[in-house]
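Given next are the chains, with one letter for each unit.
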Amino acid sequence: MADEVVLLDFWASMFGIRVRIALAEKGIKYEYREEDLRNKSSLLLQMNPVHKKIPVLIHNDKPICESNVQVQYIDEVWHDTAPLLPSDPYQKANARLWADFVDKKTKGEEQARAKKEFMESLKLLEGELGDKAYFGGENLGYMDIALVSYYCWFHVYEKFGDFSIEAECPKLIAWAKRCMQKENVANSVPDQQKVYEFALHLKKIFGIE
């Protein structure tokens, strides 16, 4: 029986982006279904009844939720191609720790405090990257996928917060650009200007100045 893979997603979702990259790295064919987040499909509500959020990965009619869990699942099920997590238990635990750090420390809150904490978090991540080509070494891996999914939103953060990430974290931006040179990443990560225009549209809808 052939694998049936469906991804319920939204084009600008940083969490969906990482799942798309993982699927592309593994060469997995799947059906992409764009969700209207203001009018969620019955399938989304059925497959993720608790949180009712995207992305939802459906593998042979079985739903897997939460993007980092989905990337780990993809790596374990299709383990023969392009490993994303290290085989060494310590290195694997470390990659999971930093991926969790990304989601906890890079979400916006109050603007002034959020900008300060955001940049501190990026500097920590840049320190973890060091002089390596990728977080896992010479090849794109789990931690890279977790963080590069945010890259298309960096321009939004910079414009709204009036600061430059590259000025503060040049090695991290060089890493992001290196990731974007990979076809599977470039095809999965939306254009920064398109995401910025989407963010402006959201501000208008919600009356945020």
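Every residue gets a number counted from 1 within its own chain, in the order that chain's sequence is written. Totals for whole chains, interfaces and linings use all residues, but because this is a predicted model, local features are given only for residues with pLDDT of at least 70 and pairs of side-chain atoms are given and counted only at 80 or more. Side-chain figures throughout are based on the complete set of non-hydrogen atoms in the structure, without hydrogens or water.

Q: Got a minute to help me understand the pattern of salt bridges in this structure?
A: Two side chains of opposite charge can pair, provided their charged atoms sit close to one another. One side-chain nitrogen of Lys or Arg within 4 Å of one carboxyl oxygen of Asp or Glu is enough to make a salt bridge. One pass over the structure, following the stated rule, counts ten salt bridges. The partner of Asp 103 in a salt bridge is Arg 18, with the nearest N and O atoms 3.0 Å apart. Separated by 85 residues along the polypeptide, Asp 103 in helix H4 (residues 89-105) and Arg 18 in helix H1 (residues 14-26) bring together distant segments of the chain. In this structure Asp 103 comes out as buried when scored by relative accessible area, which is 13%. Arg 96 is the salt-bridge partner of Glu 76, the closest N and O atoms lying 3.9 Å from each other. Of this pair, Glu 76 sits in helix H3 (residues 67-77) while Arg 96 sits in helix H4, and the two are 20 residues apart along the sequence. A helix here means a DSSP run of H or I that spans at least four residues, while a strand means a run of E at least two residues long, and both kinds are numbered starting from the N terminus. Relative accessible area decides the class of each residue, using a 1.4 Å probe on protein chains only: under 20% of the type maximum gives buried, over 50% gives exposed, and in between gives partly exposed.

Q: Help me out: how do you make sense of the sheet that holds strand S4 (residues 62-65) in this one?
A: At least two bridges found by DSSP between two strands is the condition for calling them paired. Pairing is mixed in the open sheet, where four strands are placed in the order S2-S1-S3-S4. A single partner strand is all that each edge strand has here, and the edge strands are strand S2 (31-34) and S4. Each strand axis lies, on average, 20° off the axis of its neighbour in the sheet, ignoring direction. Where strand S1 (residues 5-9) lies against S2, four bridges are found, and the strand directions are parallel. The residue bridging Leu 8 from the neighbouring strand is Arg 33, located in S2. Of the strands in this sheet, S1, S2 and strand S3 (56-59) touch H1, which is tilted by about 155° from S1. Whenever a helix is involved, its axis is fitted only over the stretch in contact; in every case the axis is a line through C-alpha atoms, and angles between N-to-C directions fall within 0 to 180 degrees. Contacts are assigned to residue pairs that have any heavy atoms within 4.5 Å of one another.

Q: What am I meant to see in the pairing of S4 here?
A: Regular strands place their side chains on alternate faces of the sheet. Looking at chain direction, S3 and S4 are connected through four bridges and run antiparallel. The partner of Val 56 across the bridge, within S4, is Cys 65. Here S3 folds back onto S4, and the loop between the two strands holds two residues, one of which, Asn 60, carries a positive phi near 50°.

Q: Whenever I open this one, the packing of aromatic side chains confuses me. Can you help?
A: The description of two aromatic rings rests on the distance between their centres and on the angle between their planes. Here a pair means two rings of Phe, Tyr or Trp (six-membered ring of Trp) with centres within 6.5 Å. Their orientation is stacked below 30 degrees between planes, edge-to-face above 60, and tilted elsewhere. Applying the stated criterion to the full structure yields 13 aromatic pairs. Residues Phe 10 and Phe 198 carry aromatic rings whose centres are separated by 5.4 Å and whose planes lie at 50° to one another, so their mutual orientation is tilted. Of the two residues, Phe 10 is situated in the loop between S1 and H1 and Phe 198 in helix H11 (residues 192-206); the sequence distance between them amounts to 188 residues. Phe 198 matches Phe 10 in its accessibility class, with the two residues each being buried. Ring plane angle 40° and centroid distance 6.4 Å describe the contact between Phe 154 and Tyr 157, whose orientation is recorded as tilted. Note that Phe 154 and Tyr 157 are positioned in helix H7 (residues 151-161) at a spacing of three residues, about one turn of the helix. By relative accessible area, Phe 154 is classed as buried at 4%. Here the aromatic cluster, defined as three or more aromatic residues joined through ring pairs, consists of Phe 118, Tyr 151, Phe 154, Tyr 157 and Phe 163. For a Lys NZ or an Arg CZ to count as sitting over a ring, it must be within 6 Å of the ring centre and within 35 degrees of the ring normal. Its guanidinium or amino end placed over the ring of Trp 11, Lys 194 lies 4.5 Å from that ring's centre, counting from NZ or CZ. Stacked on the ring of Phe 160, the Lys or Arg Lys 203 has its end atom at 4.2 Å from the ring centre.

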